Amino acid sequence: MSPLKIQQGSSKHSAYDLRDPYSEVLETHTLAVLVDNEPGVLARVIGLFSGRGYNIDSLTVAETDHQGHRSRITVVTTGTPQVIDQIKAQLGRIVPVHTVNDLTVEGPSVQRELALLKVTGKGDARIEALRLAEIFRANVVDSTLESFVFEMTGAPDKIDAFADLMRPLGLIEIARTGVAALARGV
Amino acid sequence: MSQQMTGAKMVVQALKEQGVEVVFGYPGGAVLPIYDEIFQQNEIRHILVRHEQGAAHAAEGYARATGKPGVVLVTSGPGATNAVTGITDALMDSIPLVVLSGQVPTFLIGNDAFQEADTVGITRPCTKHNWLVKDPNKLAETIHQAFHVATSGRPGPVLVDIPKDVQFATGTYLPPKKARTDHYAPRVKGDIEAITALVEMMETAERPVLYTGGGVINSGPGASQLLCELAEATGFPVTSTLMGLGAYPASGRNWIGMLGMHGTYEANMTMHDCDLMIAVGARFDDRITGRVNAFSPNSRKAHIDIDPSSINKVIRVDVPIVGDVGHVLEDLLKIWKSRGRKSNREGIESWWKRIAEWRAIDCLSFKPSKDTIKPQHALQRLEALTRDMDRYITTEVGQHQMWAAQFLGFDAPNRWMTSGGLGTMGYGLPASIGVQIAHPDALVINVAGEASWLMNMQEMGTAVQYRAPVKQFILNNERLGMVRQWQELLHGERYSHSWSEALPDFVKLAEAFGCKGIKCDHPDDLDEAIREMLAYDGPVIFDCLVEKHENCFPMIPSGNAHNQMILGEAETQGVIGQSGAVLV
Ligand SMILES: Cc1ncc(C[n+]2csc(CCOP(=O)(O)OP(=O)(O)O)c2C)c(N)n1
Ligand SMILES: [Mg+2]
């Protein structure tokens, strides 16, 4: 474990954070968790969420430092401020966890997700799908006479919006990676 | 420097270099190479238990009584799964354990091989950390890391799973100094600003209380001493959780007794009405808080804990201080002294007057009896006859445990071992053996209930084999007393399966094990029987037949607040409401 980095930005430690700690309102936070890429580390993180009844909205993980065998887990979770603080503290307790950063309260961040969407259709619907894809800057990565696979990256709500538009136009399958996120600036 | 040796030899070498003197274990196919190495040396003593759960509890007892990590060695599959309850118990009570388990050879892992179990998978949620070692060159380092993790920060159990081929293979041994452990370095010094903020509150508080827990004991004897100094210097009353008993002496001036569900009236009222609560190494467990939204409503709260996740988990506090209790108390005292040792003398004086009024209720009083032994009376006599001895107490789980906490006094840390967090029946007997192995000449008593005691009674064989003169003081009510009490309060006196039927004859059982049995069923014979137990140079099973329907009071019924304690039988009707009934 790291000495937990909860001072920075966490709801109870930041002087600038005006959120009500007693609030029962649910908040969605994006956490970046840097871990040793050792066997079972993902099971530990997931086991923590399931064992203690926390939500995982999305989770991505990959080794980001091959030499140092470090992986970055980006987890989006929802809970009251108190629960979010507990999640961060509990994550910080896991031995192979180095740092826990709450990108939602530690200043602006960029959040991106990759999605693949399969849309089937003919005629006008097919043309409309293609036109919308252009507006959303989605790429066609596969096509047959009756289908497209679109690839798009963006913030999750942008992907949601695109998927909503595609649904009546023949969206039959969607694969999403979950959010990857970095703090802006240095 | 680097030495080549087999994995099995490395295990023993690493244990030696970690200063291990005793291992509690049980052999089997997957750990035979390690047992072979144990056979060929004399530095490390191996205690053969009778069940792996017993090994884990014995190691817990050893750890709690010495402050050193307990070491357990078990085989793969059933050996490891049998240890799981003990490991979980250690996790809940923050006891440092290093568990070494054998595993099927690496090339068979995942094949459902004979005696294969996914031991790291099974123990992941019940250890602080665990490792499966597939490379003999990493084995020694992993074991050193295991000791480091188990004993630093908030202590806890760790497990190292060692496949049999790794035990046979040759690799490079790494001494403890060369093992990388820097990555895990929990913070021990508290934030000075926060400590100063607490001191400021202490200077003006009118109704302060020190609420202490197992963290004080885990922090080492120095922390207990600092706590005493703080209490004496400030005049603040001190209460403690079940886990923290002994950190502040029960004979101390400021002691107001244990708090919580079966704590004293004065301790719980003090908590409820205080204006400054200082939680020291305690974690606001549900046995302590009662109804959370009615918990100490008018106080400001500070919380000293080495585990950041304990802070604001249950109760939101005003001053969180992450750090080791000993370090923080040292700084706290320094700052308080440097600012002129101020406290609100007048306020505290009248606070003590109120506490005296609560104390006058005499919440632990019970109806004495001339012809049946009241369990409380049995403990009062045990206390009177052993208080001045070099004494260690373990307990099982149930009413007897709560009475032991209420009626036995502890003046020093590490002398009271009980299963608090998990509440594991079957803990006390093996734990008492672990304590006795650590302190061969001390008096070690397990205050037991007959039902709990039966859960690991096979360990009597261990006690006899190693001549561990543990005294098993069984308060035999022929009932699952605590269950019966809840059924009386909560389930319309329908005593579903809370009888201990077909109990063994404990005296004959003692004879069968080759130790001494004593039976006592009359108050007039009690003192003499206890003296006989104490005088006997060997393990004793003491069957103390007590009142069968005694209830443990005082009690905060589930779902109630600290100031809604019930003090005795007359107040028990309908005390637990619908919402309380779902709580355990
Ligand atoms: C392993 C385990 N199973 C079940 C329980 C639930 N339980 C708590 S106390 C108790 C009864 C204990 O009876 P006994 O040991 O005779 O103690 P008494 O309460 O009678 O003093 C039970 C069944 C438990 N704590 N642990
Ligand atoms: Mg009983």
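The numbers attached to residues start from 1 for each chain and follow its sequence in the written order. Labels follow written order: the first chain is A, the first ligand is 1, and so on. Per-residue local features are limited, in this predicted model, to residues with pLDDT of at least 70; the limit for side-chain atom pairs, both in listing and counting, is 80 or more; totals at the level of whole chains, interfaces and linings are taken over all residues. Computation of side-chain values covers all heavy atoms of the structure but excludes hydrogens and water.

## Remarks on the overall build of chain B
- Secondary structure counts use DSSP, requiring at least four H or I residues in a row for a helix and at least two E residues in a row for a strand, with both numbered from the N terminus. Counting its regular elements, chain B contains 23 helices and 20 strands.
- The C-alpha radius of gyration of chain B comes to 24 Å, within 12% of the 25 Å expected for a compact globule of 584 residues.
- On the principal axes, the C-alpha backbone points of chain B span a range of 70 × 60 × 45 Å.
- For chain B, the residues scored as buried account for 62% of the 584 residues in total.
- For chain B, restricting intrachain contacts to residue pairs at least 6 apart in sequence, the fraction spanning at least 24 positions comes to 76%.
- By the counting scheme adopted, Arg and Lys are positive, Glu and Asp are negative, and His together with the chain ends is not counted. To locate a charge, the coordinates of NZ of Lys, CZ of Arg, CG of Asp or CD of Glu are taken. With 52 positive and 66 negative side-chain charges, chain B shows a spacing of 4 Å between the two charge centroids. Here the radius of gyration uses the C-alpha set of atoms, whereas the globule reference equals 2.2 Å times the residue count to the power 0.38. With a 1.4 Å probe rolled over the protein chains alone, any residue whose accessible area is under 20% of its type maximum counts as buried; one over 50% counts as exposed, and the rest are partly exposed. The contact definition used throughout considers only heavy atoms, calling two residues in contact when any of these lie within 4.5 Å.

## A look at the interface of chain A and chain B
- Contacts between the two partners involve 23 residues from chain A, matched on the other side by 19 residues from chain B.
- Buried area: the accessible surface (1.4 Å probe) lost by two parts on joining, summed over both. Note on chain A versus chain B: buried area summed over both sides is about 1900 Å², and carbon and sulfur give 55% of it.
- Just to be clear on terms, a salt bridge is a Lys or Arg side-chain nitrogen sitting within 4 Å of an Asp or Glu carboxyl oxygen. At the junction of chain A with chain B, the criterion picks out one salt bridge.
- Across the pair Arg93(A) and Asp307(B) runs a salt bridge, and its minimum N-O distance is 2.6 Å.
- Between N or O atoms, a polar contact is any pair within 3.5 Å; within protein, one atom must be a potential hydrogen donor and the other a potential acceptor, and residues adjacent in sequence are included only when both atoms are from side chains. Taken together, the connections running from chain A to chain B amount to ten residue pairs in polar contact (both at pLDDT 80 or more).

## A few points about the coordination of the magnesium ion (ligand 2)
Residue and element names in this part refer to chain B.
- A donor here means any N, O or S atom no more than 2.8 Å from the metal (3.2 Å for Na, K and Ca); water is not included, so a site may seem to lack partners. At this site the magnesium ion (ligand 2) is bound by Glu450 (OE), Glu450 (OE), Asn477 (OD1) and Arg479 (O), with donor distances of 2.1 to 2.7 Å.
- Metal-centred angles of 51 to 174 degrees between the six donor atoms at the magnesium ion (ligand 2) mark the site as irregular.
- Here the donor residues of the magnesium ion (ligand 2) are spaced in sequence according to E-x26-N-x1-R. Of this pair, Glu450 sits in helix α18 (residues 450-455) while Arg479 is found in the loop between β18 (471-476) and α20 (481-490), placing the two residues 29 residues apart along the sequence. Grouping residues by exposure puts Glu450 and Arg479 together as buried. Site shape is set this way: if four donors have all angles between 85 and 135 degrees, tetrahedral; if opposite donors are over 155 degrees apart and all others between 65 and 115, square planar for four donors and octahedral for six; otherwise irregular.

## Overview of the sheet that holds strand β17 (residues 443-449) of chain B
Residue and element names in this part refer to chain B.
- When DSSP finds two or more bridges between a pair of strands, those strands are recorded as paired. Across the sheet, which stays open at both edges, the six strands sit in the order β16-β15-β17-β18-β20-β19 with parallel pairing between neighbours. Looking at the sheet topology across the chains shown, the edges are occupied by β16 (416-417) and β19 (516-520).
- Here strand β15 (residues 391-395) runs beside β17; their pairing, made up of five bridges, is parallel. When the sheet's bridge partners are listed, Thr395 is paired in β17 with Val447.
- Of the strands in this sheet, β15, β16, β17 and β18 are in contact with helix α16 (residues 399-407), which crosses β17 at around 135 degrees. Structural elements are reduced to axes, namely lines fitted to C-alpha atoms, with helices fitted over the stretch in contact, and the angle between N-to-C directions of any two is expressed from 0 to 180 degrees.

## Some remarks on the sheet that holds strand β3 (residues 45-48) of chain B
Residues and elements named next belong to chain B.
- In spatial order, the strands read β3-β2-β4-β5-β7-β6; together these six strands make up an open sheet with parallel pairing. Strands with a single pairing partner mark the edges of an open sheet, and in this sheet they are β3 and β6 (129-132). Averaged over all pairs of adjacent strands, the angle between their axes in this sheet comes to 20 degrees, without regard to strand direction.
- The strands that helix α6 (residues 136-151) touches are β4 (70-74), β5 (97-103), β6 and β7 (157-163); relative to β7, the one it contacts most, it runs at about 165 degrees.

## Structural notes on helix α14 (residues 345-360) of chain B
Residues and elements named next belong to chain B.
- Between the first and last C-alpha of α14 there are 22 Å, a value that for 16 residues agrees with the 22 Å anticipated at 1.5 Å per step.
- Burial in α14 covers these residues: Gly347, Ile348, Trp351, Ile355 and Trp358. Seen from one end, α14 has its buried residues packed into an arc of 90 degrees, which puts them on one side. Counted as exposed and oriented over 90 degrees from the buried face of α14: Glu346, Glu349, Lys353, Glu357 and Ala360.
- Considering only its buried residues, α14 is in contact with β9 (208-212), α10 (221-234), β11 (255-258) and α11 (265-273).
- Of the residues trailing α14, Asp362 is marked for its positive phi of about 55 degrees. For a helix, the expected span equals 1.5 Å multiplied by the number of residues minus one. The directions considered for the arc run from the helix axis to the C-beta atoms.

## Brief notes about the domain arrangement of chain A
Residue and element names in this part refer to chain A.
- Domains are outlined according to an automatic or database domain assignment. Along its sequence, chain A is carved into domain 1 (27-102) and domain 2 (109-183).
- Summing both partners gives a buried area of about 460 Å² for domain 1 against domain 2, and 50% of it is carried by carbon and sulfur.
- The largest per-residue losses of area from domain 1 upon contact with domain 2 belong to Thr30, Thr60 and Arg72, which jointly make up 63% of the total buried on that side.
- Summed over the shared surface of domain 1 and domain 2, the number is four residue pairs in polar contact (both at pLDDT 80 or more).
- Put simply, the parts of the chain that give the side of domain 1 that touches domain 2 at least two residues each are β2 (58-65) and β3 (70-79).
- Residue classes follow a fixed rule: Ala, Val, Leu, Ile, Met, Phe, Trp, Tyr, Cys and Pro count as nonpolar, while Asp, Glu, Lys and Arg count as charged, and any other residue, Gly among them, counts as polar. For the side of domain 1 that touches domain 2, the residue count by class is two nonpolar, four polar and one charged.

## Topic: the site of ligand 1
Residue and element names in this part refer to chain B.
- When we say a residue is near a molecule or strand, we mean one of its heavy atoms is within 4 Å of it. Near ligand 1 lie 17 residues; those nearest to it are Gln399, Gly423, Ser452, Gly481 and Met482.
- Take Glu450: an N or O atom from its side chain is 3.2 Å from an oxygen atom of ligand 1.
- Asn477 is positioned such that a nitrogen or oxygen atom in its side chain is 2.9 Å from an oxygen atom of ligand 1.
- Only the protein chains shown count as cover for residues, and all accessible areas are computed by the Shrake-Rupley method using a 1.4 Å probe. Burial of ligand 1 by the protein chains amounts to 76% of its free accessible area of 590 Å².
- Taken together, the elements giving at least two residues each to the shell around ligand 1 come down to α16, α18 and α20.
- A total of four residues in the shell around ligand 1 trace back to one element, the largest contributor, which is α18.
- Residue classes in the shell around ligand 1 are distributed as seven nonpolar, eight polar and two charged.

## So, the side chain of Gln436(B)
All names here are of chain B.
- With respect to the secondary-structure elements, Gln436 resides in helix α17 (residues 428-438).
- There is a polar contact of 3.1 Å between the side chain of Gln436 and the backbone oxygen of His439.
- For Gln436, the residues in contact, after removing those within four places along its chain, are Asp441, Ala442, Val444, Ala468, Pro469 and Val470.

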